[in-house]
Structure formats: C-alpha cells, structure tokens
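Here's the letter readout for the chains.
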Amino acid sequence: MFKILQKTVSTGTVTVNYPAEPAKISERFRGRPSFDFDKWKDARPAADVCPTGAISLSDNDESRNVTVDYGLCVFCGLCAEASSDQAVRVTQEFALATSDRRNLVFTAEYTLNADRTHGGLRKVDRRLVDAETDVESLGQKARDTIQKILGRSLAIREVDAGSCNGCELEIVALNNPVHDIERFGIHFVASPRHADMLLVTGPVTRNMELALLKTHRAMAEPKVVVAVGACGISGGIFGENYASLGSVDKVLPVDVYIPGCPPRPQALLHGILLAVGRLAERLHTDRAG
Amino acid sequence: MMTQAMSAMFEALRQKLGPQVQSVRADREDEIYLLLADADIRPITEHLRGQFGARLVTVFAEDRRATEGVFFNYYVFEQKGSAQYLIVQAPVRSDSLEFPSLSAELPAVNWQEREIQDWFGLKAAGHPNPRRVALHDNWPDVYPLRKDFPLETVLPPFEGERHIYRPAFGEGVLQVPVGPVHAGIIEPGHFNFAVAGEPILYLQLRMFYTHKGTEKLFEQLPIHKAVFLAESISGDSSFSHGTAFCQAIERAANIEVPLRGLVMRTILLELERICNHVGDIGAIATDVGFVIANAHASRLKETLVTLNEQLTGSRLLRGMVCVGGVRRSWDAAQLGALRSTVDSFAREFRDLISLIDRSESTRDRLEQTGVLRPDKARDLGIVGVGGRASGVDLDVRRDHPYAAYSRYSFRVPVYQAGDVWHRMQVRIDEVNESIGIVQNAMADGLRREFRVPVPPIPSDRCALSAVEGWRGEIIHWIRTGPDNHLERCKIKDPSLNNWPALVEAVQGNIIADFPVINKSFNLSYSGTDR
Ligand code: SF4
C-alpha cells in the first residue's frame with residue numbers, strides 16, 4: 001500500500017491542459033500538409049505518391065483541376081517530399097475537425113504549359129479548415145455546456161464499424177492520465193441508451209452496417225454522430241469495395257468529422273468539443289421547439 | 001539455385017512419395033518451393049511432420065487459372081532449428097475445386113482452410129466443420145479472391161442470419177450472446193457463451209465483422225501505396241505489418257536494405273512491442289481492479305507513443321518504413337530522445353512491475369485463470385505471447401532472423417503454466433529483453449546508409465516474409481505483377497491462429513473472468529478479419 005502511494009506521489013500530476021493551453025507536441029509530428037497554390041508548379045508528383053488519393057487531378061488539354069481532400073489524407077508527408085517547388089509543406093496542424101465535410105476539400109484550377117506543368121492559377125477554392133479551430137474558447141464553451149445543460153456529464157458511445165484499431169488506440173489514450181478526457185465531464189459508456197454522442201471509426205464494413213444502425217437507433221434524442229479518422233470520413237485507404245461501404249455518412253447523418261490517421265488525442269478532443277457545441281444547439285432548438 | 005542439402009531432401013521425398021513430388025526450387029536460400037502433381041497434401045504433411053517434426057505455419061490459396069489453369073494451395077512448413085521455410089505448392093483443379101482437408105488432424109488450419117473455401121470457392125473435402133468463417137452466412141455465394149471477381153462489386157442487401165450457433169442443451173444451461181458491439185472501446189466481434197450458472201461451458205465465436213477486402217485491395221494498389229495499406233492491417237501493429245510487407249517486396253526484387261535501415265527497423269519493431277506490452281499489462285491489471293497499476297502503465301505507454309512521434313512523425317510509427325529501408329534517419333536530438341526515454345522507461349517499468357509483484361490479490365486472480373495447456377496450444381497451432389506462455393517455443397526473430405536481429409542477443413521467455421499470469425509474465429520478460437535490444441542497437445551502424453533507391457519491381461516473383469510482431473508470427477506472401485503491382489498478397493496475422501486459444505482457455509472459467517482472459521491474449525479483430 002505504502003509503495004503504491006509513494007509511486008503515485010512521486011509521479012505527480014501528468015495531465016495536460018489542452019485546449020486551455022496549446023498542445024505540447026513533438027516538432028516532428030506530421031500534421032496537415034499545406035499547399036501554396038500560387039507557387040505550386042506541378043501537382044503530378046504529389047498526386048502520384050499520395051497513397052489514398054487525397055490529392056487528385058483531372059486534366060484536360062489546357063487546364064488542370066486539383067482537389068485536395070483532407071478527409072482522405074493520412075498525413076504521410078509524401079506529397080511534400082515529392083514536390084520540388086517547396087509549395088507543399090508539412091505543418092503541425094491537427095485540429096481540423098469540422099461539421100461541414102466540404103470544409104475539408106480544397107480545389108484549384110491551373111492553366112497548363114506544354115510540358116503539363118502549371119501555367120497560372122485560375123482559381124482556388126480553399127475553405128478554411130481552421131474557421132472552427134479557436135480551440136481555447138471551444139474548450140471553455142464545451143465545459144459550460146456540459147456543466148450547465150448536460151448536467152455535468154456527456155456520455156459517448158464508441159463504435160468500431162470496421163477500423164484497423166488505430167483510432168481505437170487514440171480514443172483509449174484520451175482516457176489515460178495524460179489526456180484525461182474525464183476532466184471535461186466526458187465519459188465513455190457501454191450502453192447506447194445512455195449516450196449523447198456516437199463516435200464512429202472505420203470504413204463501415206458490410207458486416208457492421210446493421211450493428212451501427214442499431215446502436216444509433218438505440219440512442220435517445222437529441223444525439224450527435226462523429227466520424228473519426230480518414231476511414232470514417234471517406235473510407236480512407238480502404239475506400240468502397242465489396243466488403244466496405246466507405247464513409248460513415250453513407251449510413252448515418254454525421255455532425256462532425258475528425259481528420260487524421262488516426263487523429264491524435266488532442267485532435268479527437270477538439271472534434272468532440274465541437275460536437276458538444278452541435279449537441280447544445282440541438283438541445284436548444286428542441287427546447288425552444 | 002539448388003544446394004546439395006536440397007537435392008538430398010528432394011531425392012528423399014521422391015523416394016518416399018514418388019512422382020507426386022514434381023520439382024523443387026529455391027527462390028532464395030531460406031525459401032524453398034516444392035511443387036506437387038496434385039492437391040493431395042496429406043502424405044507429404046504426414047512425412048514432414050513425422051520425420052522432421054515440421055510445423056505447418058500457414059495455408060493459403062491463389063487463383064492461377066488464367067495463367068496456369070489451376071488454383072494453388074500453398075502450405076508453409078518450418079522445422080525447428082532451420083531458418084528455411086519449405087513451401088509446398090499443390091494445384092487444385094478448376095473442374096473439381098477440391099482439396100483434402102487437414103483440419104481433423106491439424107486443428108491449427110481449421111479457419112485457414114475455411115477461409116480458402118469462402119474466398120476462393122474451393123472445397124476442403126473432409127473438413128470437420130466446413131461452415132463459413134470469413135464471410136458471414138447471410139452473404140451470397142461470391143468468391144472475392146477469385147480473379148474474375150471485381151473488387152468494387154456491390155453486393156445486394158444481406159438477409160437472414162449471419163451465423164447459426166450450435167445450441168446448448170442441459171439443465172440450467174444458458175446461451176449468452178455478446179456483441180458485435182462491446183461495452184468498451186474495442187473492436188467488434190460476436191461471442192456466444194454457453195454457461196451453466198457461472199462457469200463457461202463453451203464459447204463460440206463469430207469474427208470477420210471488420211472484413212474490408214484488404215487482401216483483394218492489395219492486388220489493385222501500386223506497391224508504394226500498398227505499404228500504407230499494410231500499415232492499416234492492424235493499427236497496433238502498423239510497423240510490424242509495414243515491415244513484413246516491405247521485406248516481402250525486397251525479397252522478391254533482391255533489394256538489400258543497408259545496415260542502418262535494418263537496425264532502425266529493429267529498434268522500431270521493439271518499440272512497438274514494448275508499447276503494446278506495457279498497455280496490455282496495464283489493461284490486465286485494470287480487469288482485476290488494480291487501477292493504479294493501469295494509470296502508471298498507460299502513462300508509460302504515452303511517453304513511448306510520444307517517443308514514436310519524435311522518431312517517425314507518427315504516434316503509431318506510421319509512414320516510416322519503406323521498401324528499401326526507412327524513410328528518414330535520426331539526428332542527434334532524436335537519438336538523444338530515444339536514449340533518455342528508453343533509459344527512464346526502463347527504471348519506471350521496474351517500479352511498475354514491482355507494484356504488480358507485490359499485489360497478492362492480483363496474482364491470486366491471475367494465476368490459474370484462463371489456462372491453455374501446452375498440448376492444446378501445440379495442437380491448435382498457437383503462436384506468439386499466447387503460445388510462449390503455454391510452452392510453444394517459437395519466435396521468428398530467433399528462428400528466421402530478419403532486420404538486424406542476428407546482431408543482438410536476447411532471450412525468448414517460455415513458460416508452461418499457460419494462465420493469464422504467465423501471459424503477463426511473458427510480456428514483462430519480453431519488455432526487458434526489448435529494452436536491451438534497443439539499447440544495443442541505438443548506435444549500431446550509425447554512419448551507414450539507411451535506405452537504398454528502389455528499382456522497378458520485377459514481375460511474377462514470389463516471396464515469403466515473416467516478422468515476430470508483438471502478438472506473434474506475422475506472415476506476408478506476395479506474387480508480384482506487372483507495373484509495380486501485386487498479383488496476390490496473403491496476410492496472416494497471429495490473431496488468426498490464436499482465437500481458438502481463447503475458446504480453449506475460457507472453458508470452465510467464470511464469465512466474470514472472461515474480460516481478463518480475453519485481454520491476456522489481446523487479439524486483433526482487424527488483423528483477423530482483414
Ligand atoms: S500527406 Fe495527405 S495529401 Fe500528402 S501524400 Fe500523404 S495522404 Fe496524400
């Protein structure tokens with residue numbers, strides 16, 4: 001007993017204070033690749049190496065449409081390595097969760113030179129992923145919502161609808177003493193009946209479709225659904241095939257998407273807090289209505 | 001390439017089995033293919049097992065109708081004390097589609113033969129339980145790994161039961177279905193317990209809920225992208241599966257990975273092992289109420305995951321291994337972080353273990369719980385941690401050295417008791433050995449190359465690759481195709497071998513102990529289901 005106490009005391013507090021303070025992450029962490037569309041002289045090398053098709057091209061004779069979909073991105077950094085023009089950079093950004101799937105997609109249109117490199121940038125549509133990433137206030141708001149509206153606790157039911165278990169590892173890590181999601185009053189629960197939020201990972205397999213639907217149906221209103229990771233958002237590297245339906249939103253209405261492969265715990269937390277906001281809105285309309 | 005020893009073996013087999021043994025070829029020194037004239041694998045299996053004590057590692061199939069007019073079954077054997085794999089290649093005729101089952105004598109291949117039935121539409125004649133395993137019962141009759149089945153096929157909605165469980169009879173006998181969605185944050189699968197009061201009479205499993213067409217998908221992706229698919233076979237084994245895959249390509253294309261690349265792979269493979277073992281030790285402690293131990297274990301795991309990120313940019317060690325070596329080398333700061341984290345981890349791990357060792361109640365709960373007897377473990381073909389706790393002395397790192405393992409000495413812990421406590425003990429010992437390996441490897445070959453450029457991958461080459469993941473033996477087998485693509489990629493995660501161990505180990509235990517017994521194996525559903 002004494003030994004246990006001693007160990008506990010000597011370890012001290014290890015819990016981080018994200019998002020009230022910025023996350024301390026290794027400078028080696030690979031986050032969102034950023035694209036300097038003005039500078040980008042050729043998108044082909046990046047598209048060639050991109051393992052999931054997050055960068056895709058459609059060319060015609062004199063122009064090229066480039067699509068970058070962060071919902072498919074696994075943050076491998078290969079696009080940055082492959083692009084010689086410094087236009088693609090790996091950043092440390094991870095708080096990319098959004099309630100609008102379209103926010104994760106950038107498009108650019110280039111005129112093409114004779115050698116198929118980019119002539120000029122005709123137009124670019126860059127929805128701001130970080131429109132919703134003022135994480136600090138997000139954290140505060142979510143805390144308030146959980147305190148005042150949800151009776152101090154938010155219950156999450158997690159369903160693995162076909163993942164590789166990578167996302168599960170990070171969701172489990174949310175509960176470790178370092179990330180300690182319970183400090184927000186957020187708990188993972190066993191029964192969907194007690195849950196306010198459904199956190200779904202994986203490309204939804206044909207074999208999990210029904211179980212996922214049933215779990216969702218068993219939850220009381222109001223409820224929110226969060227799609228986790230590249231696979232949950234888009235099917236990821238697995239995509240759609242005879243055994244995989246692909247993205248979660250093929251099966252359920254999704255409120256928040258959390259990019260990553262897997263999303264690191266802070267990214268998950270960011271997305272979950274965002275979803276708390278959505279839940280609060282829904283509670284509000286329910287009550288008002 | 002035919003060594004003297006090989007021609008002697010070939011002659012001996014010819015004498016014994018006659019013209020059924022058609023030819024032998026060595027694709028590389030440790031990978032020998034023996035072609036049979038027909039699908040009858042029984043005589044040679046009996047001979048190899050009886051005369052040489054060989055172990056059947058894995059069984060899988062390939063659709064070669066387009067090029068050779070037949071399917072092939074491949075039976076991979078290994079022999080204690082030899083680093084060679086002997087791969088018996090047995091044609092299965094496309095008109096009869098039948099091959100004789102080995103499952104009655106060798107329960108270890110029960111699921112694998114059924115997988116061949118489900119995915120290729122071949123028939124394992126004489127299989128004691130030929131029901132579907134890899135496709136659920138409500139699937140139409142499709143054979144996804146046949147070449148004429150397109151990956152993107154959209155199947156109609158499923159109807160009917162996914163699986164009919166054997167009924168349980170007897171007074172007071174109840175069936176308790178659990179899953180596929182479980183209470184905790186874990187992967188999906190269905191468990192059907194037959195219980196008499198508290199004790200579990202038997203357990204039936206329904207897996208493959210997370211089947212996502214992975215092996216088929218490997219046939220469509222260019223090799224450099226397929227590396228990322230390999231990393232997603234089982235997320236907790238990203239680096240092991242990624243390495244197994246890259247090794248297979250390197251073997252097929254005769255690419256020699258330079259020393260520092262091999263050393264760095266070794267270090268990262270061991271970090272993956274340490275990380276998962278520590279997590280499991282904590283999880284086992286939680287399941288018997290020792291929450292403080294888990295708090296420490298999960299904190300320790302977090303420091304390792306943070307180190308992973310410093311070393312590879314990814315907490316799961318993703319995006320680091322590549323065909324030809326590893327993608328980046330480490331600078332002084334990274335090496336410093338590696339050294340200091342591993343050193344302080346070693347100290348803290350000792351503290352954690354002494355906490356657990358002092359907890360009488362923990363030991364009480366775990367000893368003699370979930371026992372897998374050594375004879376059962378051997379018969380069922382159990383590998384990895386679960387095997388070594390039950391007397392199965394296998395470890396790919398020692399038996400078929402890869403990466404830089406032959407440069408370091410380490411001990412392979414083996415126990416006979418086969419209970420949860422000893423499965424934990426194997427992990428504890430292995431963590432200590434892994435710390436030693438990492439410390440020895442850190443500065444090894446520091447100034448040497450870590451990566452070679454990769455030439456175009458030649459077509460129609462086969463290669464087997466094996467890695468001792470933290471769970472156990474991982475096998476990848478590939479046949480390359482044109483344009484940097486694969487014709488076939490077989491994945492065997494150790495979980496596939498080990499589910500029957502769980503079924504065996506829970507019998508007679510109370511249902512309340514199921515979680516901790518399950519945790520002590522900690523198998524990958526995704527690795528199983530692919
Ligand atoms: S970082 Fe994302 S966009 Fe870039 S290559 Fe990797 S998956 Fe594709």
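Look up a bit, the structure's there.
Anyway, here's the lowdown on the structure attached to this text. If you're wondering where the values come from, they're calculated on a predicted model, not measured in any experiment.

Cut-offs used in this document
- Counting restarts for each chain, with residues numbered from 1 along the sequence as it is written.
- The naming scheme follows written order: chains are lettered A onward, ligands numbered 1 onward.
- Under the rules for a predicted model, residues below a pLDDT of 70 receive no local features and side-chain atom pairs below 80 are neither given nor counted, while totals for whole chains, interfaces and linings still include all residues.
- No hydrogens and no water enter the side-chain calculation; it runs on all heavy atoms of the structure.
- Only DSSP runs of H or I covering at least 4 residues are called helices, and only runs of E covering at least 2 are called strands; the numbering of each starts at the N terminus.
- We compute the radius of gyration over the C-alpha atoms and compare it with the globule rule, which gives 2.2 Å times the number of residues raised to the power 0.38.
- For each residue, the accessible area found with a 1.4 Å probe, counting protein chains only, is set against the maximum for its type, and the residue is called buried under 20%, exposed over 50%, and partly exposed in between.
- What makes two residues a contact is simply this: any of their non-hydrogen atoms within 4.5 Å.
- Note on areas: Shrake-Rupley with a 1.4 Å probe; residue coverage comes only from the protein chains shown.
- Residues scored as charged are limited to Lys and Arg (positive) and Asp and Glu (negative), so that His and the chain ends carry no count.
- By convention, charge coordinates are those of NZ in Lys, CZ in Arg, CG in Asp, or CD in Glu.
- Summed over both partners, the accessible surface that disappears when two parts come together, traced with a 1.4 Å probe, is what is meant by buried area.
- Definition used for salt bridges: Asp or Glu carboxyl oxygen within 4 Å of a side-chain nitrogen of Lys or Arg.
- Pairs of N or O atoms are called polar contacts if they sit within 3.5 Å, as long as, within protein, a hydrogen donor faces a hydrogen acceptor (for residues adjacent in sequence, only side-chain-to-side-chain pairs).
- Under the scheme applied, nonpolar residues are Ala, Val, Leu, Ile, Met, Phe, Trp, Tyr, Cys and Pro; charged residues are Asp, Glu, Lys and Arg; polar residues are all the others, including Gly.
- Nearness is defined per residue: one heavy atom within 4 Å of the molecule or strand is enough.
- Pairs of strands are assigned from DSSP output, requiring at least two bridges between the strands.

Our focus in this paragraph is the overall build of chain B. Looking only at helices and strands, chain B has 18 helices and 15 strands in total. Relative to its length of 530 residues, chain B is compact, with a C-alpha radius of gyration of 23 Å against a globular reference of 24 Å. Counting only C-alpha atoms, chain B reaches 70 × 60 × 50 Å along its principal axes. Going through the 530 residues of chain B one by one, you find that 64% of them count as buried. The contacts of chain B with a sequence gap of at least 6 include a subset with a gap of at least 24, amounting to 67%. Element-wise, carbon and sulfur atoms account for 50% of the exposed surface of chain B, whose accessible area totals about 18,500 Å². On chain B, the mean spot of the 60 positive side-chain charges and the mean spot of the 67 negative ones are 2 Å from each other.

The figure often quoted for interface size is the accessible area lost as the parts come together. Across the boundary between the two partners, chain B contributes 69 residues, which contact 62 residues of chain A. Across the interface of chain B and chain A, roughly 5,200 Å² is buried in total on both sides, 59% from carbon and sulfur atoms. Looking only at chain B, the three residues that lose the most surface to chain A are Ile185, Lys212 and Arg315 of chain B, adding up to 14% of its buried area. Summed over the shared surface of chain B and chain A, the number is five salt bridges. The tally of links between chain B and chain A comes to 34 residue pairs in polar contact (both at pLDDT 80 or more). Only helix H5 (214–218), helix H6 (223–231), helix H9 (291–312) and helix H10 (332–358) of chain B provide two or more residues apiece to the side of chain B that touches chain A. Of all the elements, H9 of chain B adds the most residues to the side of chain B that touches chain A, at 10 residues. Classifying every residue of the side of chain B that touches chain A gives 27 nonpolar, 23 polar and 19 charged.

On to the site of the ligand, then. Neighbouring the ligand are Pro33, Cys50, Pro51, Thr52, Ala54, Ile55, Cys73, Val74, Phe75, Cys76, Gly77 and Cys79 of chain A. Split into classes, the residues belonging to the shell around the ligand amount to 10 nonpolar, two polar and no charged.

All right, on to the pairing of strand S5 (residues 105–112) of chain A then. Residue and element names in this part refer to chain A. For strand S3 (residues 63–69) and S5, the ladder comprises seven bridges, and the chain directions are antiparallel. Following the sheet pairing, Asn65 is matched in S5 by Glu109. For S5 and strand S6 (residues 118–126), the ladder comprises six bridges, and the chain directions are antiparallel. Of the residues in S6, the one forming a bridge with Ala108 is Val124.

Bear in mind that shape data such as this cannot, by itself, settle questions of function.
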